[in-house]
Amino acid sequence: MEILKVQNLCKTYGSGESRVNALVNASFTMQKGEFAAVVGESGSGKSTLLNCIGALDDPTAGKVYLNGHDIFQMKEAERTVFRRRNIGFIFQSFQLIPELTVEQNIIFPILLDYKKPDKKEVEELLGILGLSERRNHLPSQLSGGQQQRVAIGRALITKPMLILADEPTGNLDSKSSQDVMDLLIKASRHYRQTILMITHNINLTSSVDRVLRVSDGVLTDLGGNYDEKLS
């Protein structure tokens, strides 16, 4: 089942001699449950790609379809609600609310929609994250790896169509980085969650289904063994 379709996506900054082509006709698709990594040098266009797919930035040209919905044909207010309900974000800097506990941070996206969290689902997710005993801790009482696990839980709780992870291990040591990767892989398999992750660490791509590379705004699909893992 195709979840994401990116079609001829372009992003240009400036004009004339200062013109920068951050993305040049990027096109690819992702299937439900697929875990893909985007690699490339700093300034290659990786974050621009992720921001456009997540509707945090408007492309200069091209289309982004999420489960068949053309997100840039929506009005801004409609797109904001659609993004909140269907796209989960994991950032390098965690971006947790310091005054809220672990559990409150995780369920916050549900409360924003004026909905009531399912207690059993919250308990299951806390268990998968290894945070059951820290549910009432504040972010300041957690390690970096634990804070990133909270951020992953916040992205998973709404069961989004797509999770976008921007350097999720960038601020972590090697042990915590591997723990976070293991958790993302588990989420991909357990929840059949579709995940697109940016990383500068090529060593973290060995377990993903597919690798995409961005160089000077040009995207190349390096392939993977996603079909083999489904069989």
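It should be noted that the structure appears before, not after, this text.
Keep in mind it's a predicted model, so treat the numbers as computed, not measured.

**Considerations on the overall build of the chain**
Across its full length, the chain holds 7 helices and 10 strands. For a compact globule of 231 residues, the expected C-alpha radius of gyration is about 17 Å, and the chain comes in at 17 Å, within 12% of that figure. Its C-alpha atoms put the chain at 55 × 40 × 40 Å along the principal axes. The 231 residues of the chain split such that 49% are buried. Here the contacts in the chain between residues at least 6 apart in sequence split such that 69% fall between residues at least 24 apart. Accessible surface, the chain as shown: approximately 11500 Å² in total, 47% of it carbon and sulfur.

**Here we look at the packing of aromatic side chains**
Tallied over the full model, the rule gives 1 aromatic pair. Seen in terms of ring centroids, Phe 89 and Phe 91 are 5.8 Å apart; in terms of plane orientation they differ by 5°. Their pairing is stacked.

**Here's the deal with helix α2 (residues 76-86)**
Counting along an α-helix, one turn takes 3.6 residues, and residues three or four places apart therefore face a common direction. Those residues of α2 not exposed but buried are Arg 79, Phe 82, Arg 83 and Asn 86. The arc that holds every buried residue of α2, seen down its axis, measures 100°, which confines them to one face.

**Focus: helix α1 (residues 46-53)**
Counting buried positions over the 8 residues of α1 gives 6, a clear majority of the element. Taken together, the buried positions of α1 are occupied by Lys 46, Thr 48, Leu 49, Leu 50, Cys 52 and Ile 53.

**What to know about the sheet that holds strand β7 (residues 162-166)**
Strand order in the open sheet formed by 6 strands is β6-β7-β8-β3-β9-β10, with mixed pairing between adjacent strands. Looking at which strands have only one partner, the edges of the open sheet turn out to be β6 (87-91) and β10 (218-224). Adjacent strand axes in the sheet meet at a mean angle of 20° when their direction is disregarded. Where strand β9 (residues 210-215) and β10 come together, 6 bridges link them in antiparallel fashion. Within β10, the residue paired with Val 214 across the bridge is Leu 219. Those strands touched by α2 are β6 and β7, and its axis lies near 70° from that of β6. Against the sheet, helix α5 (residues 144-156) makes contact with β6 and β7, and its axis sits at roughly 170° relative to β6, the strand it touches most.

**Looking at the nonpolar core**
Counting 37 residues, the largest nonpolar core has Phe 35, Ile 106, Ile 152, Met 181 and Leu 184 as the members making the most contacts within it. If you list the elements that add at least two residues to this core, you get β3 (35-39), α3 (102-112), α4 (119-129), α5, β7, α6 (174-190) and β8 (194-198). The element contributing the most residues to this core is α6, with 6 residues. In contact with Phe 35, not counting residues within four places along its chain, are Met 181, Leu 184, Ile 185, Ser 188, Ile 195, Met 197, Val 208, Asp 209 and Arg 210. Counting 31 residues, the second-largest nonpolar core is a separate cluster that includes Phe 28, Ala 55, Leu 164 and Ile 198.

So, how was this worked out
- The residue numbering used here restarts from 1 in each chain and proceeds along that chain's sequence as written.
- Residues qualify for local features only when their pLDDT is at least 70, as the model is predicted, and side-chain atom pairs are given and counted only at 80 or more; totals for whole chains, interfaces and linings, by contrast, use all residues.
- Note that water and hydrogens are dropped before the side-chain values are worked out from all heavy atoms of the structure.
- In this description a helix means any DSSP run of H or I spanning at least four residues, a strand means any run of E spanning at least two, and both kinds are numbered starting from the N terminus.
- In this description the radius of gyration comes from C-alpha coordinates, and the expected globular size is given by 2.2 Å times residues to the power 0.38.
- Relative accessibility under 20% of the residue-type maximum defines a buried residue, over 50% an exposed one, and the middle range a partly exposed one, all with a 1.4 Å probe and only protein chains included.
- Contacts between residues were defined by any pair of non-hydrogen atoms, one from each residue, lying within 4.5 Å.
- Computed by Shrake-Rupley with a 1.4 Å probe, the accessible areas treat only the displayed protein chains as cover when residues are assessed.
- The criterion for an aromatic pair is that two Phe, Tyr or Trp rings (for Trp, the six-membered ring) have centres within 6.5 Å, with stacked assigned to planes under 30 degrees apart, edge-to-face to planes over 60 apart and tilted to the rest.
- The arc in question is the one spanned by the directions pointing from the helix axis to the C-beta atoms.
- Only strands that DSSP links by at least two bridges are regarded as paired with each other.
- Whenever a helix is involved, its axis is fitted only over the stretch in contact; in every case the axis is a line through C-alpha atoms, and angles between N-to-C directions fall within 0 to 180 degrees.
- The set of buried Ala, Val, Leu, Ile, Met, Phe, Trp, Tyr and Cys residues whose side-chain atoms join them within 4.5 Å is what this entry labels a nonpolar core.

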